[in-house]
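# Fold and contact review
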Amino acid sequence: MLLQGGFTVSNRQPGLRLQEPLPDGYTRAGPEELSTRIAAAKAVLGGRVMILGHHYQRDEVMRWADARGDSFGLSRLAADATEAAYVVFCGVHFMAESADILTGDHQHVILPDLNAGCSMADMADLDSVEEAWEAIAGVTDVADVVPITYMNSSAALKAFVGRHGGAVCTSSNARAVLTWALEQHGTDTKVLFFPDQHLGRNTAYQLGFDEPSMAVWDPRKELGGLEDRIVKEARFLLWKGHCSVHQRFRPEHVAQFRAQHPGGLVLVHPECSHEVVALGDEVGSTDAIIRAVEAAPPGTAIGVATEIHLVQRLAAEHPDLTVQSLDPLVCPCSTMFRIDAAHLCWVLESLVEGRVLNRISVDPATAAHARVALERMLAIA
Ligand code: 13P
Ligand code: SF4
């Protein structure tokens, strides 16, 4: 097999994400032609390929997924997909990296479009996290600090937490992972949580902590923009990162929905701000949102605060319910949206021709430490 177009993630210097333009034969093909060609390529590849689809993928991609899931479920599926030589990951870059770390050396993980990144994951890099760690060590005993990184982060950051006694978490297990973290050094334990301040804050509130026990760490400021005393006293140092898709949801959206649908159900992803989460009926990962919709009695009106492709799919799959986005202005994840039928067709047909395109490969040293952090998460929840 020839390897082309992918990149290896080194410890500090992520490879450039430069997606080469698709050949004309893919950009010119219409939806029906692409469907026929994807089906044909899949049939030839059979069990050698496994296509994984995150819930935010468009329908034209999702219909080909052998398995769907949230970021936690997909990491488990990748770890269990020992038979497939190729895992085609229809999601974003950090998810494909985790899949590469959790799959065997005999397997190749492929991301159909290398530009499918995550703006939140890019808000924390290894240099700024190492600087923060040193600065924290200057004012408090860093031996009591447990670093936790959200799945939405580079492999280099997962390796950092693996090296420093921490773990990865996702939106479906953040509570269990933070509970574990807080048990590591008794009542003195402090958590440095990156890159999503909202998931960290929402989970800390769920665990019964109050606002004064949390402080936002701004990586652009000296000592995170905090006084020594705050760094010493806070139980949670929350990295100043966010998801631009989920941050759009506002308390006014919830109020508007409730006014239109008294008795309706509000489901919120924990990447939303705490003000929105506090007004929701249920908070949870994409999988948890799907389960809550499935459990709703016929006729229920449901307002959902998460990415629009999932909301639209839920609405289509549940005609007996009224499922709508809480934000009347559509909010797609532009990087998830980069994966389309044309790119999927391109990587599959290339595999049929013996070429592995867009392989995501984490270097062995980074992968070894990141695997420690990911496996801690899998063992906790
Ligand atoms: P889930 O863990 O719910 O799949 O969320 C991943 C994500 O990127 C949400 O923005
Ligand atoms: Fe990243 Fe937000 Fe897109 Fe999820 S929805 S992949 S956190 S930018």
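Up top you'll find the structure we're talking about.
Report on the accompanying structure.

The immediate surroundings of ligand 2 are formed by Tyr56, Val92, Cys118, Ser119, Met120, Asn152, Cys243, Val245, Glu271 and Cys333. Partitioning the shell around ligand 2 into residue classes produces 7 nonpolar, 2 polar and 1 charged.

Once that is clear, we can look at the sheet that holds strand β14 (residues 301-305). Strand order in the open sheet formed by 4 strands is β13-β12-β14-β15, with parallel pairing between adjacent strands. Only two strands of the sheet have a single partner each, and these edge strands are β13 (282-283) and β15 (322-325). Across 4 bridges, strand β12 (residues 265-268) lies against β14 in parallel orientation. Looking at β14, one finds that Leu265 is bridged to Ile302. On top of the sheet, helix α13 (residues 286-295) reaches β12, β13, β14 and β15; it is set at about 165 degrees to β12, its chief contact.

What follows deals with the site of ligand 1. Close to ligand 1 lie His54, Tyr56, Asp70, Ser71, Asn152, Ser171, His246, His269, Glu271, Ser285 and Thr286. Asn152 places a side-chain nitrogen or oxygen 3.1 Å from an oxygen atom of ligand 1. Between Thr286 and ligand 1, the recorded distance is 2.9 Å, taken from a backbone N or O atom to an oxygen atom. Across the complex, the protein chains shield 96% of the 300 Å² of accessible surface that ligand 1 would expose by itself.

Among the structural elements, Ala292 can be located in helix α13. Here the alpha-carbon distance between Ala292 and Leu267, two residues 25 residues apart in the chain, equals 7.9 Å. The contacts of Ala292, once residues within four sequence positions are left out, are Leu267 and Glu282.

Moving on: the nonpolar core. Core analysis: the biggest nonpolar cluster contains 135 residues, and Val88, Ile148, Phe236, Ile302 and Leu348 have the highest contact counts within it. Sorting elements by how many residues they give to this core places helix α15 (residues 341-352) first, with 8 residues. In contact with Phe236, other than residues within four places in its own chain, are Leu178, Leu182, Val191, Ala204, Phe209, Ser213, Met214 and Ala215.

Summed over all chains, the structure comprises 15 salt bridges. In this structure, Glu60 engages Arg58 in a salt bridge whose closest nitrogen and oxygen atoms are separated by 3.7 Å. The class of Glu60 is partly exposed, set by a relative accessible area of 35%. Overall, the relative accessible area of 15% leaves Arg58 in the buried class. Salt-bridge contacts for Glu353 lead to Arg355; the nearest nitrogen and oxygen are separated by 2.6 Å. Ionic contacts of the salt-bridge type, sharing partners, join the residues Glu33, Arg37 and Glu349 into one network.

Turning to the sheet that holds strand β11 (residues 236-239), a few remarks are in order. Read from one edge of the open sheet, 5 strands run β8-β7-β9-β11-β10, paired in parallel fashion. Only two strands of the sheet have a single neighbouring strand rather than two, namely β8 (167-169) and β10 (214-217). Along the sheet, successive strands turn relative to each other by an average axial angle of 25 degrees, direction set aside. Alignment of strand β7 (residues 145-150) against β8, held across 3 bridges, turns out to be parallel. Note on β8: the bridge partner recorded for Ile148 is Ala167. Of the strands in this sheet, β7, β9 (190-194), β10 and β11 are in contact with helix α6 (residues 126-139), which crosses β11 at around 155 degrees.

The rules we used
- By convention here, each chain's residues receive numbers from 1 onward along its written sequence.
- Chain labels run from A onward and ligand labels from 1 onward, assigned in the order the entries are written.
- Where totals are concerned, whole chains, interfaces and linings use all residues; where local detail is concerned, this predicted model gives features only for residues with pLDDT of at least 70, and gives and counts side-chain atom pairs only at 80 or more.
- With hydrogens and water set aside, each side-chain value is computed from the structure's full complement of heavy atoms.
- One heavy atom within 4 Å of a molecule or strand makes the whole residue count as near it.
- All amino acids are sorted into three groups, where Ala, Val, Leu, Ile, Met, Phe, Trp, Tyr, Cys and Pro are nonpolar, Asp, Glu, Lys and Arg are charged, and the leftover types, Gly among them, are polar.
- For two strands to be treated as a pair, DSSP must find at least two bridges joining them.
- Numbering of helices and strands runs from the N terminus, with a helix taken as a DSSP run of H or I at least four residues long and a strand as a DSSP run of E at least two residues long.
- Note on contacts: a residue pair is in contact if any heavy atoms of the two residues lie within 4.5 Å.
- In this analysis an axis means a line fitted to C-alpha atoms, helices contributing only their contacting stretch, and an angle means the value between N-to-C directions, from 0 to 180 degrees.
- Pairs of N or O atoms within 3.5 Å make up the polar contacts considered here, provided that, within protein, one atom can donate a hydrogen while the other can accept it, and that residues adjacent in sequence are counted only when both atoms are side-chain atoms.
- For every accessible area listed, the method is Shrake-Rupley and the probe measures 1.4 Å; residues are considered covered only by the protein chains on display.
- Here the nonpolar core consists of buried residues drawn from Ala, Val, Leu, Ile, Met, Phe, Trp, Tyr and Cys, with membership extended through side-chain atoms lying within 4.5 Å.
- Only protein chains enter the area calculation, which uses a 1.4 Å probe; residues under 20% of their type maximum are buried, those over 50% are exposed, and those in between are partly exposed.
- Should a side-chain nitrogen of Lys or Arg be within 4 Å of a carboxyl oxygen of Asp or Glu, the pair is scored as a salt bridge.

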